[in-house]
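Commentary on secondary and tertiary structure
Listed below are the residues making up each chain.
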Amino acid sequence: MPYFTMRDGKTLFVRIVGTGKPCLVLHGFGMHSGHWLPFLAPFLTQHRFIIPDLRGFGQSHLTSYNKPCVLTNNVEDINDILDHLRLAKVGLIGISMGAFTALQLHRLTGFDRIHHYLNIDQSPLVINSEHWQWGIFGQQSEARLNRFKDILSVIKEFSPNTPYEALPLYLRKAMWNELGKFIGAAVPQLALKKAARKICRKERFMRSVMPTDNWFAYIRCLESYLSQDYDMRPYLADIAIPVTLMMGRKSEMYPWQGQAYMHQKIPRSEIVIFEKSGHIPLLNEPLRFTVELGRFLK
């Protein structure tokens, strides 16, 4: 499983499994390439999956972003990976931040190297306004993002190179507490929400799940979402390839209406709604998700 060198000289871990038609798979925030394996396993004899650990995550945790816009950084890395593998056309799957990276790829360079795309629970616009209420956290967006901004205002007092252990305990607790609420927003069941918040208070355990040697990478993602002009709506009508839009009806992270809007704008799109799911249909309805994934791959 190789590490590839990107255009800035830094390396990215890329997991490659299966044989057959190539398909690029992008994980979300807090995830890594290994999380995809149980769902891709049934299709390994007919498809070759290229699954990078994006900067700051998984085995690419120590690879830092080199510019303020994390999505643009990810897009450059994707193109570098496809160049390394000499792939002219691939399928593309993205969930959450991975899906937003895919939409940024289309925005910046088009989908010339993509022959079909699966967008899993990601809105085309993150920040809400009086004309758009289907961004991150829906109706609760302003209150939740204000809490993130408060934490960011304190973190800016510290250098990105500050060792995690040198950060004040109150700040570390605040970060894990907000992460618990963030993860809780990804699941619809109240018991799982409470469990996510409780687990995220256990710092030692969470550091084994989300390493903190390069803790600032997580902050860079958050800061980028809050400060960059991420509005993919003007580009949707230009997507000419087949697109499947998967969404959880109960998603608190991104209300399903945002992708319904995408369905109206993208000419060759179809919509798949998981009635019992939140932000992560893979977790909430794994069997149906695997079936629908197989339909997409065909």
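One can find the structure itself at the top, above this paragraph.
Residues numbered from 1 in each chain as written. Predicted model: local features only at pLDDT ≥ 70, side-chain atom pairs only at ≥ 80, totals over all residues. Heavy atoms only, no water.

Side note on the overall build of the chain
Along the backbone of the chain there are eleven helices and eight strands. Against the compact-globule benchmark of 19 Å for 298 residues, the chain has a radius of gyration of 18 Å, which places it among compact chains. Projected onto its principal axes, the C-alpha positions of the chain cover 50 × 40 × 35 Å. Within the chain, buried positions represent 55% of all 298 residues. For the chain, the accessible surface area stands at approximately 13300 Å², while carbon and sulfur atoms represent 56% of it. (Helix = DSSP H or I, 4+ residues; strand = E, 2+ residues; numbered from the N terminus. Rg over C-alpha atoms; globule rule 2.2 N^0.38 Å. Buried < 20%, exposed > 50% of the residue type's maximum accessible area, 1.4 Å probe, protein only. Areas by Shrake-Rupley, 256 points an atom, 1.4 Å probe, with all protein chains shown as cover.)

A few points about the sheet that holds strand 6 (residues 114-120)
One key point about sheets: their strands pair by backbone hydrogen bonds, in either a parallel or an antiparallel sense. If you walk across this open sheet you meet the eight strands as 1-2-4-3-5-6-7-8, and the pairing is mixed. At either margin of the open sheet sits one strand with a lone partner, and together these are strand 1 (3-5) and strand 8 (269-274). The mean inter-strand angle of the sheet, taken between neighbouring strand axes irrespective of direction, is 25 degrees. In this structure, strand 5 (residues 90-95) lies alongside strand 6, joined through six bridges in parallel fashion. (Pairing = 2+ DSSP bridges. Axes fitted to C-alpha atoms, helices over the stretch in contact; angles between N-to-C directions.)

Considerations on the nonpolar core
Core analysis: the biggest nonpolar cluster contains 70 residues, and Leu 92 and Tyr 117 have the highest contact counts within it. Considering every element that reaches this core, the biggest residue donor is helix 2 (residues 70-85), with seven residues. When residues no more than four places from it in sequence are discounted, the contact partners of Leu 92 are Cys 23, Leu 24, Leu 26, Ala 102, Leu 105, Phe 111, Ile 114, His 116, Tyr 117, Leu 118 and Phe 296. One finds Cys 23, Phe 43, Ile 51 and Phe 289 within the second-largest nonpolar core, a separate group that totals 22 residues. (Core = buried A, V, L, I, M, F, W, Y, C linked by side-chain atoms within 4.5 Å. Contact = heavy atoms within 4.5 Å.)

Details of helix 2
With 16 residues, helix 2 ought to run about 22 Å at 1.5 Å a step, and its terminal C-alpha atoms sit 23 Å apart, in line with that. Within two residues after helix 2, Arg 86 carries a phi angle of roughly 55 degrees, on the positive side. (Expected span 1.5 Å × (residues − 1).)

Overview of the environment of Tyr 235
Mapping Tyr 235 onto the fold places it in the loop between helix 8 (216-227) and strand 7 (243-248). Put simply, Tyr 235 and Ile 266 are 31 residues apart on the chain and 9.0 Å apart in space, counted from C-alpha to C-alpha. When sequence neighbours within four positions are dropped, the list of residues in contact with Tyr 235 reads His 106 and Arg 107.

Regarding the packing of aromatic side chains
The full count for this structure, using the stated rule, is 16 aromatic pairs. Aromatic pair Phe 39 and Phe 289: ring centres 5.7 Å apart, planes at 90 degrees, arrangement edge-to-face. Highlighted residues: Phe 39 in helix 1 (residues 37-40) and Phe 289 in helix 11 (residues 286-297), separated in sequence by 250 residues. Each of the two residues, Phe 39 as well as Phe 289, counts as buried. Centroid distance Phe 111 to Tyr 117: 5.6 Å. Interplanar angle 55 degrees. Geometry classified as tilted. Both residues of the pair, Phe 111 and Tyr 117, count as buried. Taken together, the aromatic side chains of Phe 29, Phe 57, Phe 137, Phe 148, Phe 182 and Tyr 218 make up a single cluster linked through ring pairs. When the ring centre of Phe 137 is taken as reference, the NZ or CZ atom of Arg 144 above it lies at 4.8 Å. Positioned above the aromatic ring of Trp 256, the side-chain terminus of Arg 249 is 4.7 Å from the ring centre. (Phe/Tyr/Trp six-rings, centres within 6.5 Å; stacked < 30°, edge-to-face > 60°. Lys NZ or Arg CZ within 6 Å of the ring centre and 35° of its normal.)

A word on helix 11
End to end, helix 11 covers 16 Å across twelve residues, agreeing with the expected 16 Å (1.5 Å per residue, within 8%). The set of residues buried in helix 11 consists of Phe 289, Thr 290, Glu 292, Leu 293, Gly 294, Phe 296 and Leu 297.

A closer look at the side chain of Glu 178
Within the secondary structure, Glu 178 sits in helix 5 (residues 169-184). For Glu 178, a relative accessible area of 7% translates into the label buried. In this structure, Glu 178 is in contact with Arg 147, Phe 148 and Ile 151, ignoring residues within four places of it in sequence.

What about the environment of Arg 15?
Within the secondary structure, Arg 15 is located in strand 2 (residues 11-17). With relative accessibility at 11%, the residue Arg 15 sits in the buried group. Taking the C-alpha atoms as reference points, Arg 15 and Leu 105, 90 residues apart in sequence, are found 20 Å from one another. Within polar-contact distance, the side chain of Arg 15 engages the side chain of Ser 33 at 2.9 Å. (Polar contact = N/O pair within 3.5 Å; in protein donor to acceptor, adjacent residues only side chain to side chain.)

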